[in-house]
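# Observations on the three-dimensional arrangement
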Amino acid sequence: QVQLVESGGGLVQTGHSLRLSCAASGSFFDINGMGWYRQAPGKQRELVATIASDGITNYADSVKGRFTISRDNTKNTVYLQMNSLKPEDTAVYFCNGDFRVRWAATYMRYWGQGTQVTVSS
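All of the points below concern the structure found in this document. All figures in this text were calculated on a predicted structure; none of them were measured in a lab.

Inspection of the secondary structure assignment puts L18 in strand β3 (residues 18–26). Contact partners of L18, with chain neighbours within four places excluded, come to G8, G9, G10, V12, L80, Q81, M82, L85 and V117.

Have a look at this one:
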């Protein structure tokens, strides 16, 4: 099995920063792309940022210039540095990853359980 565990969420004021971490563990050969998504109350889950195995990144327009995604392949961990936070960034943040595992012919996507980020005005 593969597990993803997020940490770093919390309550902050507008304009402040948070850094989310997501560590992968379990049985897998390697990790392809990793990403962060978020879901606000009453809304669908949306893409925040992704990072490929070669480091190429992609961001939602709403977070460009404020958020930075990175990964440490030696630790099987993906990070999300969030600066200049706004109330509209309030959501549960989920990480995911595409894992090469012995029981599947293709990469399998796994998700973390989510971490709450609340930005007060």
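Among the 10 residues that make up strand β4 (residues 30–39), seven are buried, leaving the element largely enclosed by the rest of the structure. Judged from the five bridges that link them, β4 and strand β5 (residues 46–51) form a sheet pairing that is antiparallel. Bridging from a neighbouring strand, W36 pairs with A49 of β5. Remark: six residues form the turn of the hairpin made by β4 and β5, two consecutive strands paired antiparallel; G42 in that turn has positive phi of roughly 80°.

Tracing the chain through its elements places M82 in strand β8 (residues 77–82). M82 sits in the buried class, given a relative accessible area of 0%. Sequence separation between M82 and S7 is 75 residues, and the spatial gap between their C-alpha atoms is 13 Å.

With that settled, the discussion passes to the nonpolar core. Residues W36, L80, M82, Y93 and F99 are the most contacted members of the largest nonpolar core, which totals 31 residues. Among the elements of the structure, β1 (2–7), β3, β4, β5, β7 (67–72), β8, β9 (91–100) and β11 (115–120) are those that each provide at least two residues to this core. Here L80 is in contact with L18, R19, L20, W36, V48, A49, F67, T68, I69 and Y93, once residues within four sequence places are set aside.

Another aspect to go through is unusual backbone geometry. The residue N76 is not glycine, and still its phi comes out positive at about 50°. Positionally, N76 belongs in the loop between β7 and β8. One non-glycine residue, S84, lies in positive phi territory at about 50°. Take S84: it is sitting in the loop between β8 and β9. Taking the relative accessible area as the measure of exposure, S84 reaches 39% and is therefore partly exposed.

Here we come to the packing of aromatic side chains. Here the structure, examined in full by the defined rule, presents three aromatic pairs. Taken together, a centroid distance of 5.1 Å and an interplanar angle of 65° make the contact between Y37 and W111 edge-to-face. Here Y37 is found in strand β4, whereas its partner W111 is found in strand β10 (residues 108–111), with 74 residues between them in sequence. Residues F99 and Y110 carry aromatic rings whose centres are separated by 5.8 Å and whose planes lie at 80° to one another, so their mutual orientation is edge-to-face. With F99 in strand β9 and Y110 in strand β10, this residue pair connects regions lying 11 residues apart in the sequence. Side by side, F99 and Y110 carry an identical accessibility label, which is buried. Aromatic ring contacts, followed pair by pair, group F28, F99 and Y110 into a single cluster. Sitting over the ring of F94, R45 keeps its end group 3.7 Å from the ring centre.

Basis of the calculations
- Residues numbered from 1 in each chain as written.
- Predicted model: local features only at pLDDT ≥ 70, side-chain atom pairs only at ≥ 80, totals over all residues.
- Heavy atoms only, no water.
- Helix = DSSP H or I, 4+ residues; strand = E, 2+ residues; numbered from the N terminus.
- Contact = heavy atoms within 4.5 Å.
- Buried < 20%, exposed > 50% of the residue type's maximum accessible area, 1.4 Å probe, protein only.
- Pairing = 2+ DSSP bridges.
- Core = buried A, V, L, I, M, F, W, Y, C linked by side-chain atoms within 4.5 Å.
- Phe/Tyr/Trp six-rings, centres within 6.5 Å; stacked < 30°, edge-to-face > 60°.
- Lys NZ or Arg CZ within 6 Å of the ring centre and 35° of its normal.

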